[in-house]
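Report on the structure
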Amino acid sequence: MLTKTDFLRFRQCPRQLWLHKNRKDLLPDQVDAGKQLVFDNAFEVEEQAYRLFPDGASAYDGQFGQALKKTESLLRRRLSAVFQPTFSRGQLFCRCDILAFDPKRQVWDIYEVKSSTDVKEEHLYDLAFQDICLREAGLPVGRLHIIHINNQYVRQGEIDPRQLLKTVDRTDEARTLTKEVERGIKSGLEVLKLVGEPEVRILKQCSDPYDCPFIPYCWRRIPDHSVYDMNLAEEKLREMLDEGIMLIQDMPDGLATRVIKRRYAEALKSGKPLIEAEAIRTRLADMRYPLHFLDYETYSAPIPPFDGYRPYQQIPFQYSLDVKRLPDARLEHYEFLAAEPGDPVPALSAALAQVIGPKGSIVSWNAAFEAGRNEEMAVRQPQLRGFLASVNSRMFDPMMIFRDGEYADAGFRGSASLKAVLPVLVPELSYGDLAIQEGGTAAASWPKLVGGTLSPEEKEQLYRDMLAYCGRDTLAMVRIVEILEKI
Ligand code: SF4
């Protein structure tokens, strides 16, 4: 049996479908916190979409047979809408998000709910599969729609699903894919019959359109510093593989379009870090003491949690700030973490204004992100507009030194992220000893922290873990800048 999800997996990569059916043991034991938050948010969006069809009823049932029966009974009753109806015909299985009956045309319209802010190519294949499956099951199908998030929505009070969501008719585009999807269904069913895993060439499919959970398995034999680390266009990558070139060392020069990747290859081939001392000194000359090393953690969701916010707007709920008044001065540490429900921005921005003085640079990794949050906070906190504008005018971004290849080390693997640079330059300062080790988990932790479901002890522990993670980010910047200053 081929489900809609199976088909979409097949489209991404035939091996992914096969592994899902035959090697579940290779899947991660747990969904990570960031992904779980995405699932939870998608579920909430779906709930909002149901509100667009007030007379609808759910046909959902965890048991396949029961779900089919419930669907049949609700369809027979000609309800105006049915949520989560299930269909099966021959070897196809499909569960839709919403079916709405059009009494004029006596057909059922399909509505697929997505948490994205626009329609993506894979959504059309999703619709085309549902269309085929429902027709096979003998249902008269009308129009095919995507319901997605309206990125212009600004929350004011209770969520209004008619404002939050946009419904778009994609019937014509989806139906141009019918033949292709029918062929894909046939091929997908063939893959399911295979005894051994299908051979596929690894190109760009492992993260397009979604990160494949089998990457650790499929990539286990790909050597370090391979052509895959160069972020080549698919055509170029294919060319390298056709010529039997797997290692960056063996690649001809000049293939990478981005400076950071070119410098990565150069550093690797030269066998030593490449440091443009003069360029780095010129950059650092822009820094002024006291140095304020600042990092925000932010939360974003398709349904804005507070008034005045747009879908997916990044809401700062935490900062870590390390202040170094003079090159040899002791480090001063300040931090803020909103631990109670409600918009964290008023308290966070007021606390920040207490600890950042009028002089000195604000050092942030990928400072454009922090600067963007400051601009948004200034709109919400007009009394702090001058302070936040001053902070933005004094931003210094050490990441640029790495992004522009002025400091290139093969160990960075062509990335300028803090998580790539830190282990090479300051190997003794890692994230390995922390309960929270990356930003996605930190963001996903915040709703838990303020959600009221943790015991006081659990909340206290999470609070400390979150402070430790954000604090490590600023300390990492301090240590890296110290190294750069010595060049
Ligand atoms: S990791 Fe890549 S090659 Fe392996 S199954 Fe996933 S998409 Fe296919």
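So, how was this worked out
- Residues numbered from 1 in each chain as written.
- Predicted model: local features only at pLDDT ≥ 70, side-chain atom pairs only at ≥ 80, totals over all residues.
- Near = placed C-beta within 6 Å.
- Helix = DSSP H or I, 4+ residues; strand = E, 2+ residues; numbered from the N terminus.
- Nonpolar A, V, L, I, M, F, W, Y, C, P; charged D, E, K, R; others polar.
- Buried ≥ 20, exposed ≤ 12 C-beta atoms within 10 Å, placed from the backbone.
- Contact = placed C-beta atoms within 7 Å.
- Axes fitted to C-alpha atoms, helices over the stretch in contact; angles between N-to-C directions.
- Parallel < 35°, antiparallel > 145°, perpendicular 65-115°, else oblique.
- Core = buried A, V, L, I, M, F, W, Y, C linked by C-beta atoms within 7 Å.
- Domains from an automatic or database assignment.

1. Things to note about the site of the ligand
Neighbouring the ligand are 13 residues; Cys-13, Gln-16, Cys-206, Cys-212 and Cys-218 lie closest to it. Put simply, the parts of the chain that give the shell around the ligand at least two residues each are α2 (14–22) and α9 (215–218). Considering each element in turn, the shell around the ligand owes the most residues, 3 residues, to α2. Within the shell around the ligand, the residues separate by chemical class into 9 nonpolar, 3 polar and 1 charged.

2. Side note on the environment of Pro-290
Among the structural elements, Pro-290 can be located in the loop between α12 (277–284) and β11 (291–299). Look at Pro-290 and you get partly exposed, because 15 C-beta atoms sit within 10 Å. Spatially, the C-alpha atoms of Pro-290 and Asp-40 are 43 Å apart, while their sequence positions differ by 250 residues. Not counting chain neighbours up to four residues away, the residues in contact with Pro-290 comprise Val-323, Lys-324, Arg-325, Lys-359 and Gly-360.

3. A look at the packing of helix α1 (residues 4–12) against helix α8 (residues 178–193)
Between two packed helices, both the angle of their axes relative to each other and the distance between the axes serve to describe the pair. At a minimum axis separation of 10 Å, α1 and α8 run at an interaxial angle of 90°. As far as their axial angle goes, α8 and α1 are roughly perpendicular. Of the residues in α8, those touching α1 at Asp-6, Phe-7, Phe-10 and Arg-11 are Gly-184, Ile-185, Gly-188 and Val-191. In terms of residue class, the contact of α1 with α8 is made up of 4 nonpolar, 2 polar and 2 charged.

4. Here's the deal with unusual backbone geometry
In this structure, Pro-209 follows Asp-208 across a cis peptide bond, with omega equal to 10°. Within the secondary structure, Pro-209 is located in the loop between α8 and α9. Phi is positive for Asn-231, close to 55°, though the residue is something other than glycine. With respect to the helices and strands, the residue Asn-231 is situated in the loop between α9 and α10 (234–242).

5. A word on the nonpolar core
One finds Cys-94, Ile-98, Leu-99 and Val-363 to be the most contacted residues of the largest nonpolar core, which totals 107 residues. Considering every element that reaches this core, the biggest residue donor is helix α19 (residues 456–485), with 8 residues. Not counting residues within four places of it along the chain, the set of residues in contact with Ile-98 comprises Ala-49, Phe-53, Gly-56, Ala-81, Phe-83, Tyr-111 and Val-113.

6. Concerning the domain arrangement of the protein
For the protein, the assigned domains read domain 1 (2–193), domain 2 (222–257) and domain 3 (272–487). On a C-alpha basis, the centres of domain 1 and domain 3 stand 39 Å from each other. Across the contact, 20 residues belong to domain 1 and 16 residues belong to domain 3. Broken down by element, the residue count for the side of domain 1 that touches domain 3 peaks at 8 residues, all from helix α3 (residues 33–50). Taken together, the residues of the side of domain 1 that touches domain 3 sort by class into 8 nonpolar, 9 polar and 3 charged.

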